[in-house]
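Examination of the molecular architecture
Here are the chains, one letter per residue:
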Amino acid sequence: MKILIFKLIFSFVVLLPLSNKSLAQDKITKALNSWNQGTIPYVYFDNLPITDSIAYLDTREKEEFEVSHLKNAIWVGYKKFDKQKVLESLPDKTQPIVVYCSIGVRSEDIGEQLKDLGYTKILNLYGGIFDWKNKGGQVFNDKEIPTDSVHAFSKHWGKLLQEGIKVY
């Protein structure tokens, strides 16, 4: 009887946090399947090449970017997306680009606009900054200092962020 109780407690304490992460991952997958058209191919945290030749474009709002972003990311925004800024910042249209947002929906929209501008090597970070942080990726604040804070966009979408400190 004691062994059975121990197994139940062990399962609850050890496996419950793991199930929350996989539930969040499943919800990210469902949201992306529902909202995205698959027009911009995904790149995944686990197989993202580590190289300085990739330009990371943050497609969230400025206040989200200031709380947290990927290292050396360029903020391009979403509602105030400035095509001219991108053309000036990245004149080589064969430049490898990874677009990201909170989970990958807004970034697909911006990726499509980049494609229309003639950029040819665009990938969408699957699960966005949420999946990045959930899997142990490092994020930086507006002073380029590592932070545990992540702008969670809203209480609804913030449920998909399992790691770090949620900021709204």
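Residues numbered from 1 in each chain as written. Predicted model: local features only at pLDDT ≥ 70, side-chain atom pairs only at ≥ 80, totals over all residues. Heavy atoms only, no water.

1. Quick look at the packing of aromatic side chains
Any pair of aromatic rings gets described here by the distance separating the centres and the angle formed by the planes. Inspection of the entire model under this criterion finds four aromatic pairs. A ring pair is formed by Tyr-44 and Tyr-126, whose centres lie 4.8 Å apart and whose planes are at 35°; its orientation type is tilted. With Tyr-44 in the loop between strand E1 (42-43) and strand E2 (55-58) and Tyr-126 in the loop between strand E5 (122-125) and helix H5 (128-134), this residue pair connects regions lying 82 residues apart in the sequence. Under the relative-accessibility criterion, Tyr-126 is labelled buried at 10%. When the centroid spacing of 5.0 Å and the interplanar angle of 85° are considered together, the rings of Phe-45 and Trp-132 count as edge-to-face. Of this pair, Phe-45 sits in the loop between E1 and E2 while Trp-132 sits in helix H5, and the two are 87 residues apart along the sequence. Counting every residue linked through ring pairs, the aromatic cluster contains Tyr-42, Tyr-44 and Tyr-126. Across from the ring centre of Tyr-119, 5.9 Å away, lies the NZ or CZ of Lys-93, which sits over that ring. (Phe/Tyr/Trp six-rings, centres within 6.5 Å; stacked < 30°, edge-to-face > 60°. Helix = DSSP H or I, 4+ residues; strand = E, 2+ residues; numbered from the N terminus. Buried < 20%, exposed > 50% of the residue type's maximum accessible area, 1.4 Å probe, protein only. Lys NZ or Arg CZ within 6 Å of the ring centre and 35° of its normal.)

2. With respect to the layout of surface pockets
Volume-wise, the largest pocket comes out at about 350 Å³. Grouping the constituent residues of the lining of the largest pocket by class yields nine nonpolar, three polar and two charged. In this model, the second largest pocket occupies a volume close to 250 Å³. If you trace the second largest pocket, you find it lined by Trp-35, Glu-61, Tyr-78, Lys-79, Cys-101, Ser-102, Ile-103, Val-105, Arg-106, Phe-153 and Trp-157. Across the lining of the second largest pocket, the residue classes break down as seven nonpolar, one polar and three charged. (1 Å grid on protein atoms, 1.4 Å probe; cavity = no way out; pocket = protein on both sides within 12 Å on 5 of 7 lines; lining within 4 Å. Points joined across faces, edges and corners; volume = space filled by probe spheres on them. Nonpolar A, V, L, I, M, F, W, Y, C, P; charged D, E, K, R; others polar.)

3. A look at the sheet that holds strand E3 (residues 74-75)
Across the sheet, five strands lie side by side as E1-E5-E4-E2-E3; this open sheet has parallel pairing. The sheet is open, and its two borders are formed by E1 and E3, each paired with just one other strand. Sheet topology places E2 next to E3; two bridges connect them, and they run parallel. Within E3, the position partnered with Asp-58 by the bridge is Trp-75. (Pairing = 2+ DSSP bridges.)

4. Some words on the confidence of the model for the chain
Considering every residue of the chain, the mean pLDDT works out to 89; 87% of them sit at 70 or more. Every residue in residues 4-19 scores below 50 in pLDDT, and together they form three contacts with partners more than four places removed in sequence or on other chains. (pLDDT = per-residue confidence, 0-100. Contact = heavy atoms within 4.5 Å.)

5. Quick look at the nonpolar core
For soluble globular proteins, nonpolar side chains are generally found buried alongside one another. Core analysis: the biggest nonpolar cluster contains 25 residues, and Tyr-56, Leu-70, Ile-103 and Phe-130 have the highest contact counts within it. Secondary structure elements with two or more residues in this core: helix H1 (2-35), strand E4 (97-100) and H5. With 14 residues, the next largest nonpolar core counts Val-86, Ile-97, Val-99 and Leu-117 among its residues. (Core = buried A, V, L, I, M, F, W, Y, C linked by side-chain atoms within 4.5 Å.)

6. Observations regarding the pattern of salt bridges
In the structure shown here, the tally under the stated rule is five salt bridges. Note that Lys-135 and Asp-131 form a salt bridge whose closest N and O atoms lie 3.4 Å from each other. Since its relative accessible area comes to 36%, Lys-135 is described here as partly exposed. Owing to a relative accessible area of 2%, Asp-131 belongs among the buried residues under this scheme. When salt bridges that share partners are traced, they join Asp-46, Asp-131 and Lys-135 into one network. (Salt bridge = Lys/Arg side-chain N within 4 Å of Asp/Glu carboxyl O.)

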